[in-house]
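Here is how the chains run, residue by residue.
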Amino acid sequence: METKQCNQITEMVCLESDLQDGQMKEVEVDQNKILLVRNNGEFTAVGGLCTHYGAPLIKGALVGDRVRCPFHGACFNTKTGDIEEFPGLDCLPKYKVKVEGGKVYVTTDNKKLKKRVKKMSGRVPGVSHTVVLIGGGPASLQCAETLRQNDYGGRIIMVTKDEQLPLDKTKLSKAMNIEIEKVLLRQNDFLQEHGIDVWTKKEVKSVDTEAKTLTFSDGTSQHYDQLLISTGGRARPLQCAGAELENVKLLESYKDATEIHQMSVGNKTVIIGTSFIGMEVAAYLSDKAASVTVIGSSKFPFQSSLGPDIGKMTMQMLEEKNVRFYTSNGVAEIRGENGKVKEVVLKNGEVLPADIVIVGIGVIPNSNFLKETSVEIDSRNAVVIDKFMKTNIPDVFAAGDVVSFPLPLVGHKRVNIGHWQLAQAHGRIAGLSMLNQQVEINTVPYFWTVLLGKSIRYTGYGEGYTDIVFKGSTEERKFLAFYIKDEEVVAAASLNFDPAVARLAEMLLMGKRITKAQAQSDDLSWLQLP
C-alpha cells in the first residue's frame, strides 16, 4: 500500500510482528534503501547505506540504538541518524515511522538523500577569535566541522602544504589514478559556505606559543588564539646509495599517486616494504606494470601486525597475479643511469632490473617544526597529548597520526596509531575541547586494507599479542582471527566474515572482556552473528 501527499510517500513495509526487539530489516520506499530498527518496542527508520562509501548497514552490527558499518566501522544512531563514530563525515537521513493495525509504515520525501549534513554555523562578522589548524587531513577537517556544528563563530584557517583541499588519502594506494573530484572530502563551495578557510601549498616553519604566532616558509606569519597540530606523518625515506635517484618515489600526496601510476604502467616496478602501502600499491599495479617485485625485511607481509598466516595468504594472492617477492631481504643500493633508476641490488647480492622504485617502509610524525617550542614531543617524534587532545601548552591541541595519545582500550597507555578513523575521532574531541566541552577520547581502533578487491578488516590494539586463534582458515580466504594477550582477546581481523569485526569493536568499546577460551570455543553465539 502506498500513499502520496505533498511530495511525501508512505508505504507499508512490514508487519509489526516481523521484527523483534534488537532486530533490523532493510526496506525500500520510493527507491530509498532504508534501515528499519526495532528497539524496546519502538520502530525507527534511517538511511540504509553508510555515508562513508555506501556499504549496506543491514550487514553491520546493531547494538542498542547504534549500528556499526561492516566495511570500515562507522557508527550511526538509529533513532537520530547522527554519525557517532568514524570514518565518514555525514549523518544518515531519518524517516517517519508509524505503526497502525499491526502494520509498519515508513514515510519518505522525494529528495532521495543518501546522507545528511549536520547543521553548521558560519563565521560571525566582528568575531576576531581565530583557530588555526595545521595540516589538511581528516583530523583538521573534523575539528573545523565540529567547531561549526557547535556554533563557533570565529575565524577558522586550515593550513596545508598539500596542493589540494582535504582528500581521502586512504584511496591513493588503492586507486592511484583516481580523479581528484572523487577523493575530495569536501568541495570548495561547502568550505566557503561554512567559513572554513583552506590555505594550500603553505608550510609552517616555526611556532611561537608565547606570542601565539605561526611563521611560514614563505616568510609570512599568522596569529592564532587556539591551535591544532595535525600535521600527520611523512614517509620514511630509504637510506642507501642511490636513494636520491629520480625514479625513487614515496607515496605522500595525490601528485605522488598520479606520478607513480604513470611511471609504472608498462614498466618494471620494484616496491620496498611489505606493509599496508607497499602491498596495496603492489596489488593495484599487478595488472598495469610490466612486472611488480616486492622486497620485504620480514619472512611474510604484515608479519608483525596481522601475523604470518594472514601475511602468507596475502603474499599468495599477489603471487597469483605474477607479483614476485624477495622476503627476509633488503636493499643494499640502487644503481642508476643518467640520474634515473636502472637496477636494485639486494642485500643477498641479487640484482633486479627496475624502471621505478616505490618506497613504503614506515612513517615519521611531522613534528620537526616544533623543535624550538616547549610542546612535549616523545622519543618517536610524536606530540604528547592528554585524553582531551590537549598538549602541555595552553591553547595548543594536537590530533591524528602526529600524536601519542592515551588509549582507553589499553588502560590509557599512550600510543601512536596511524588510522584514518582515529584521526577523525581526535579532531572531534579537539574541537569540543577548544569550546571547553570536556569529552574524553573513547574509541576503538578500526582499519581496513584492500588487496585485489578483497578487504581485510581489523579492530582493537594487538601490539604484544602472543597467540592468534582462527575461525575459518586463511587457505579458504574466509576467516576470523582473534589476537590474544594475557589470555584475553585484544584485537581481531577478518576476511569474508562480516560483521564479526564490527560486532567485536562494539564489545571492546563497551569494555567487555573476551577470553581466549571464548575465542577457541566452537560456540560463537557470544558474538551474536546473524
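Residues numbered from 1 in each chain as written. Predicted model: local features only at pLDDT ≥ 70, side-chain atom pairs only at ≥ 80, totals over all residues. Heavy atoms only, no water.

Enquirer: Sorry, what's going on with helix α5 (residues 276-285) here?
Expert: Since the α-helix turns once every 3.6 residues, residues separated by three or four places project in the same direction. Within α5, eight of the ten residues are buried, leaving the element largely enclosed by the surrounding structure. Every buried residue belonging to α5 is among G278, M279, E280, V281, A282, A283, Y284 and L285, and all of these are buried. (Buried < 20%, exposed > 50% of the residue type's maximum accessible area, 1.4 Å probe, protein only. Helix = DSSP H or I, 4+ residues; strand = E, 2+ residues; numbered from the N terminus.)

Enquirer: Sorry if this is basic, but what is going on with helix α8 (residues 500-509) here?
Expert: Of all ten residues in α8, nine are buried, a share of seventy percent or more. Among the residues of α8, those classed as buried are A500, V501, A502, R503, L504, A505, E506, M507 and L508. Directly beyond the C-terminal end of α8, a positive phi value near 80° is found at G511.

Enquirer: Can you help me understand the UniProt feature "domain: Rieske" (unreviewed entry) in the chain in this one?
Expert: In the numbering adopted here, UniProt assigns the feature "domain: Rieske" (unreviewed entry) to residues 11-106. Strand forms 51% of residues 11-106 and helix 0%; the C-alpha atoms that close the span are 6 Å apart. (UniProt positions renumbered as here; feature names shortened; annotations may be inferred.)

Enquirer: Before we go on, may I ask you to explain the sheet that holds strand β29 (residues 383-384) in this structure?
Expert: Strand pairing in a sheet takes place through backbone hydrogen bonds and is either antiparallel or parallel in direction. As summarised here, the arrangement of the three strands in space is β29-β31-β32, forming an open sheet in which the pairing is mixed. With partners counted over all chains shown, the strands left at the sheet margins are β29 and β32 (413-415), one partner each. When strand β31 (residues 403-407) meets β32, the two strands line up antiparallel, connected through three bridges. By the bridge assignment, L407 is partnered in β32 with K413. (Pairing = 2+ DSSP bridges.)

Enquirer: Any chance you could explain the sheet that holds strand β33 (residues 446-451) here in plain terms?
Expert: Read from one edge to the other, the open sheet built from five strands follows the order β33-β34-β37-β36-β35, with strand pairing classed as antiparallel. Single-partner strands in this sheet number two, and they are β33 and β35 (467-473). Adjacent strand axes in the sheet meet at a mean angle of 15°, parallel and antiparallel pairs treated alike. (Axes fitted to C-alpha atoms, helices over the stretch in contact; angles between N-to-C directions.)

Enquirer: How should I be thinking about the nonpolar core in this particular structure?
Expert: Taken as a class, soluble globular proteins show a tendency for nonpolar side chains to be buried jointly. In this structure, L133, L214, L227, I229, I310 and Y483 are the most contacted members of the largest nonpolar core, which totals 115 residues. With sequence-adjacent residues up to four places away left out, I229 is seen in contact with I134, F369, L370, V383, V396, F397, A398, A399 and V402. (Core = buried A, V, L, I, M, F, W, Y, C linked by side-chain atoms within 4.5 Å. Contact = heavy atoms within 4.5 Å.)

Enquirer: Which parts of the structure should I look at to understand the packing of aromatic side chains?
Expert: Two aromatic rings are characterised by how far apart their centres lie and by the angle between their planes. The tally for this structure, following the rule as stated, stands at eight aromatic pairs. Here the aromatic rings of F276 and F447 are separated by 5.1 Å at their centres, their planes lie at 85°, and the arrangement is edge-to-face. Of this pair, F276 sits in helix α5 while F447 sits in strand β33, and the two are 171 residues apart along the sequence. Of the residues examined, F447 reaches a relative accessible area of 13% and is grouped as buried. Ring centres 5.9 Å apart and planes at 70° place the aromatic pair F470 and F479 in the edge-to-face group. Here F479 falls in the buried class, since its relative accessible area comes to 0%. Taken together, the ring pairs connect F276, F302, F447, Y458, Y465 and Y483 into an aromatic cluster. (Phe/Tyr/Trp six-rings, centres within 6.5 Å; stacked < 30°, edge-to-face > 60°.)

Enquirer: Could you clarify how one ought to interpret the pairing of strand β13 (residues 155-159) in this entry?
Expert: The two faces of the sheet receive side chains in turn, since in a regular strand these alternate between them. In terms of burial, β13 is a largely internal element, four of the five residues being buried. Across five bridges, the pairing between strand β12 (residues 130-134) and β13 is parallel. Bridge pairing in β13 places V131 opposite I156. Each parallel crossover has a hand, and the one from β12 via helix α1 (residues 138-149) to β13 is right-handed. Bridge count for β13 against strand β14 (residues 196-199) is four bridges, and the pairing is parallel. Across the sheet, I157 pairs through a bridge with D197, a residue of β14. (Right-handed = clockwise from strand over helix to strand, strands pointing away.)

Enquirer: What am I meant to see in the state of the cysteines here?
Expert: Applying the stated rule across the entire model yields zero disulfides. Left unpaired, C50 is separated from the closest cysteine sulfur, that of C69, by 3.9 Å. Lacking any disulfide linkage, C75 is separated from the closest cysteine sulfur, that of C69, by 8.7 Å. (Disulfide = S-S within 2.5 Å.)

Enquirer: Please clarify how the environment of G153 should be interpreted in this entry.
Expert: Within the fold, G153 resides in the loop between α1 and β13. Sequence separation between G153 and G122 is 31 residues; the distance between their C-alpha atoms is 6.2 Å. Once residues lying within four places of it in the same chain are set aside, the contact partners of G153 are G122, R123, V124, V127 and R148.

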